[in-house]
Amino acid sequence: MNFVLHGSSVSGGITIGHAHLVSTARLEVAHYQIPEESVEAEIARFDAAIALATEGLAALGSHVPVDAPAEFAAFLNLHRMILDDSSLSHAPRALIREQRCNAEWALVQQMDKLVAQFEEIEDPYLRERKADIGQVVERVLNALIGGQTLAEPHASDEKNLIVVAHDLSPADMLLFKGHHFGGFVTDVGGVTSHTAILARSLSIPAIVGLHQARQTIRENELLIVDGVQGVVVVDPDPVVLAEYQLRQSQLELERRKLQRLKSTPAATLDAVAVELFANIELPQDVPQALAAGAEGIGLFRSEFLFMNRKDLPTEDEQFEAYREVARAMNGRVVVLRTLDIGADKTLSGNGAVRPNPAMGLRAIRFCLSEPQMFLVQLRAILRASDFGRVRILLPMVAHAQEIEQALALLKQAKQQLDEKGEPYDHSIEVGGMIEIPAAALALPMFIRRLNFLSIGTNDLIQYTLAIDRTDDAVAHLYDPLHPAVLHLVSHSIRTATRAGVPIAVCGEMAGDLQLTRLLLGIGLRNFSMHPAQLLAIKERILRTNLNEVRPLAQRVLRSADPRRTRELLARLNA
Ligand code: PEP
Ligand code: MG
């Protein structure tokens, strides 16, 4: 049946391919085929995860506080029983063998079966035990994901597959990074969630917030994902299909044309130079940044090195990853953001859910609460600074003492390296992210203590408008053009520029073509974005006359009427 679903586009382009559904379980997991010869290894991986989860439960059992409620021991026993039961600890092995699927998928399929059986039970207490099955499965999945990488699926099949999920976590998305799927669509998720950001970094069309996709699309059904309009056409008729094939080749042509701008310096028509940097998540993203002609890395989200593994990366491991980026950028600036874990980006095994994770122990707050871990990262960054132009960026700073504590730890990390005679850049620059309204409003406090600033508009909007960036229920209220947001952004740019402190925007606003002229007009000269967006933004800059856009940009800033704001923006972009 031919029908259309509407959502929010997180990554442009058009893809045509077949639906590949991922689990309906609360824990969405990747689904991929295991080559025949790797089936036994996959079963061994599953067994190891069961053993690890069992150990975890045993360890919990031996540390039950004396004053813990009696239910706690009962709950642990129940979870141990569920885990011991062959329907969970053995049945998935057969599925892996029969279907040649990955262990996570086999486990979740088996869980769905068990949950369906529990739903039939009359006794409400027993029926509710299905939640415990989910929790036990979650424990095994965490053990599976920790330290594992996806087995190589058949890359040729992947290109024509479109992943359809209810939801995907940033950690799931990270696993997909090593693959070549044709596109992603999900029922939930905000356009600036980290899942969406990762989807964008894969440079394939992706749409979130489709609500019914997972329920209404069938496995292998033909789909058109129109990442330009945020639309999924399910089972298109031949005329629609032909139309989209045409559009697809036009887009490809445009993409190739843009490639010619790779080495053209970014400057406005009236010769004002603009720096265009790239955001990356992993060292393997660097080639894409270079291919887009990025002048530097404006944001290396180092936390992705810490995800999907059960232990923390060692100092040497981190050093090697940072050095790889520094070397590959060959003398160009690399802004390395220190660990921004928390909210939707979690460490495996650190799963205690806090009431308000986005406002909790996230980013610099988490690092300062774990100084030993932070010192390891700081030493690794410092060591890498000997191999390129590395800078340190502190996420989510709001208080002067957070900067002072971070700087004190940096000093300590330097002393530790001095004692070992390890070389590093002694005058390494340290910057701060402006992503909490308080930071934007108290900018002098940051300017005085830091060498540069970078505005994280994704969080700045989230915290200014009190909108959870991962929640599609409030996605329509996520508005970069809200006067309060524009005021904070322009105030930050103006104040920092006057003080002679470099300031960039590294949030998604920097890669939004609709906002390029507005940002130029309010004084931004350094944009950092996904490599895939960079050349289109450059083309817009090359066609911009700053003298013309400045007064219009000021009018947008002064506008108190959203409709008027949009009219002015349309004039700016005409
Ligand atoms: C931001 O908040 O705008 C930002 C760049 O950081 P992240 O998206 O990783 O939170
Ligand atoms: Mg942020």
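Model, not experiment: these values are computed from the prediction.

(A) The arrangement of the overall build of the protein chain in detail. Helices and strands together make up the secondary structure of the protein chain, namely 25 helices and 16 strands. Here the C-alpha radius of gyration of the protein chain, 25 Å, is about what a compact globule of 574 residues would show, namely 25 Å. With respect to the three principal axes, the spread of C-alpha positions in the protein chain is 70 × 70 × 45 Å. A separation threshold of at least 6 residues defines the contact pool for the protein chain, and within that pool the share at least 24 residues apart is 70%. About 25,000 Å² of surface is accessible on the protein chain, with carbon and sulfur atoms providing 53% of the total. Here the protein chain carries 57 positive and 70 negative side-chain charges, and the mean point of each set is 9 Å from the other.

(B) Broad picture of the coordination of the magnesium ion (ligand 2). The magnesium ion (ligand 2) binds to the protein through Glu 435 (OE) and Asp 459 (OD), with metal-donor distances spanning 2.0 to 2.1 Å. With a gap of 24 residues between them, Glu 435 in the loop between β13 (430–434) and α18 (437–441) and Asp 459 in helix α20 (residues 457–465) connect regions that are remote in the sequence. A relative accessible area of 2% means that Glu 435 is categorised as buried.

(C) Spotlight on the pairing of strand β10 (residues 296–301). Burial within β10 is extensive, with six of its six residues counted as buried. Across three bridges, strand β9 (residues 275–280) lies against β10 in parallel orientation. In the strand pairing of β10, Asn 279 is matched with Leu 299. Running through helix α13 (residues 286–291), the crossover from β9 to the neighbouring parallel element β10 is right-handed. Where β10 lies against strand β11 (residues 333–337), four bridges are found, and the strand directions are parallel.

(D) Main features of the environment of His 18. Here His 18 lies in strand β3 (residues 14–21). Residue classification places His 18 among the partly exposed residues on the basis of a relative accessible area of 31%. Distance from His 18 to Gln 110, taken between C-alpha atoms, is 25 Å for residues 92 residues apart in sequence. Discounting residues that sit within four places of it in the chain, His 18 has contacts with Asn 160, Leu 161, Ile 162, Asn 220, Glu 221 and Leu 222.

(E) Looking closely at empty space enclosed by the protein. If you walk through the whole model with that rule in mind, you get seven cavities of 30 Å³ or more. Reported here for the largest cavity is a volume of approximately 70 Å³. Arg 301, Arg 337, Met 433, Glu 435 and Asn 458 are the residues nearest the centre of the largest cavity, which is lined by 15 residues in total. Broken down by secondary-structure element, the contributors of at least two residues to the lining of the largest cavity are β10 and α20. Among the residues making up the lining of the largest cavity, the classes are represented as three nonpolar, five polar and seven charged.

(F) Local environment of α20. Where burial is concerned, most of α20 is hidden: eight out of the nine residues are buried. Within the sequence span of α20, burial applies to Thr 457, Asn 458, Asp 459, Leu 460, Ile 461, Gln 462, Tyr 463 and Leu 465.

(G) View of the packing of helix α1 (residues 39–62) against helix α4 (residues 91–99). Contact geometry of α1 with α4 gives a least axis separation of 9 Å together with a crossing angle of 160 degrees. Between α1 and α4, the angle is such that the two are roughly antiparallel. Every pair of crossing elements has a handedness; the one defined by α1 and α4 is right-handed. In contact with Val 39, Glu 40, Glu 42, Ile 43, Phe 46 and Asp 47 of α1, α4 contributes Pro 92, Arg 93, Ile 96 and Arg 97. Split by residue class, the contact of α1 with α4 holds five nonpolar, no polar and five charged.

(H) Structural context of the site of ligand 1. As a structural note, the neighbourhood of ligand 1 is formed by 17 residues, with Arg 301, Arg 337, Gly 456, Asn 458 and Arg 469 the closest of them. Between an oxygen atom of ligand 1 and a side-chain N or O atom of Arg 362, the distance comes to 3.2 Å. The separation between an oxygen atom of ligand 1 and a polar side-chain atom of Glu 435 is 2.9 Å. Summarising the interface, the protein chains cover 100% of the accessible area of ligand 1, which totals 280 Å² for the free molecule. Judged by the proximity of its atoms to the pocket grid, ligand 1 belongs to the largest cavity. Mapped onto the shell around ligand 1, the elements with two or more residues apiece are α10 (194–201), β10 and α20. If one sorts the elements of the shell around ligand 1 by residue count, α20 sits on top with three residues. The class makeup of the residues in the shell around ligand 1 is four nonpolar, five polar and eight charged.

(I) Spotlight on the pairing of strand β14 (residues 452–455). Of the two faces of β14, both are covered, the one formed by Phe 452 and Ser 454 as well as the one formed by Leu 453 and Ile 455. In the sheet, β14 pairs with strand β15 (residues 503–505) via three bridges, with the strands oriented parallel. Paired with Ser 454 across the two strands is Ala 504, which belongs to β15.

(J) Fine view of unusual backbone geometry. At Ser 203, a position not held by glycine, the phi torsion is positive, near 55 degrees. Following the sequence through the fold, Ser 203 ends up in the loop between α10 and β6 (206–208). The phi dihedral of Ala 271 is positive, around 65 degrees, even though this residue is not glycine. Structurally, Ala 271 can be placed in the loop between α12 (238–259) and β9.

(K) Quick look at helix α14 (residues 315–328). Along its 14 residues, α14 runs 20 Å from first to last C-alpha, staying within 8% of the 20 Å computed at 1.5 Å per residue. Among the residues of α14, those classed as buried are Glu 315, Gln 318, Phe 319, Ala 321, Tyr 322, Val 325 and Ala 326. The buried side chains of α14 occupy one side of the element, clustering within an arc of 165 degrees when seen end-on. Two residues or fewer after α14 comes Asn 330, characterised by a positive phi angle close to 50 degrees.

(L) Layout of the packing of aromatic side chains. A full pass over the atoms with the stated rule returns three aromatic pairs. With 6.2 Å between their ring centres and 80 degrees between their planes, Phe 181 and Phe 184 make a pair best called edge-to-face. Note on Phe 181: relative accessible area 7%, which makes it buried. Phe 184 sits in the buried class, given a relative accessible area of 3%. Where Phe 300 meets Tyr 322, the ring centres are 5.9 Å apart and the plane angle is 85 degrees; that geometry is what we call edge-to-face. Of this pair, Phe 300 sits in strand β10 while Tyr 322 sits in helix α14, placing them 22 residues apart in sequence. Comparing Phe 300 with Tyr 322, the two get one shared label, buried. Over the ring of Phe 319 we find Arg 383, and its NZ or CZ is 4.1 Å from the ring centre.

What counts, and at which threshold
Residues numbered from 1 in each chain as written. Chains lettered and ligands numbered in written order. Predicted model: local features only at pLDDT ≥ 70, side-chain atom pairs only at ≥ 80, totals over all residues. Heavy atoms only, no water. Helix = DSSP H or I, 4+ residues; strand = E, 2+ residues; numbered from the N terminus. Rg over C-alpha atoms; globule rule 2.2 N^0.38 Å. Contact = heavy atoms within 4.5 Å. Areas by Shrake-Rupley, 256 points an atom, 1.4 Å probe, with all protein chains shown as cover. Lys, Arg positive; Asp, Glu negative; His and termini not counted. Charge placed at Lys NZ, Arg CZ, Asp CG, Glu CD. Donors = N, O, S within 2.8 Å, 3.2 Å for Na, K, Ca; no water. Buried < 20%, exposed > 50% of the residue type's maximum accessible area, 1.4 Å probe, protein only. Pairing = 2+ DSSP bridges. Right-handed = clockwise from strand over helix to strand, strands pointing away. 1 Å grid on protein atoms, 1.4 Å probe; cavity = no way out; pocket = protein on both sides within 12 Å on 5 of 7 lines; lining within 4 Å. Points joined across faces, edges and corners; volume = space filled by probe spheres on them. Nonpolar A, V, L, I, M, F, W, Y, C, P; charged D, E, K, R; others polar. Axes fitted to C-alpha atoms, helices over the stretch in contact; angles between N-to-C directions. Parallel < 35°, antiparallel > 145°, perpendicular 65-115°, else oblique. Left-handed = near helix turned anticlockwise from the far one by under 90°. Near = heavy atom within 4 Å. Polar contact = N/O pair within 3.5 Å; in protein donor to acceptor, adjacent residues only side chain to side chain. Sits in = over half its atoms within 2 Å of the grid points. Expected span 1.5 Å × (residues − 1). Arc of directions from axis to C-beta. Phe/Tyr/Trp six-rings, centres within 6.5 Å; stacked < 30°, edge-to-face > 60°. Lys NZ or Arg CZ within 6 Å of the ring centre and 35° of its normal.

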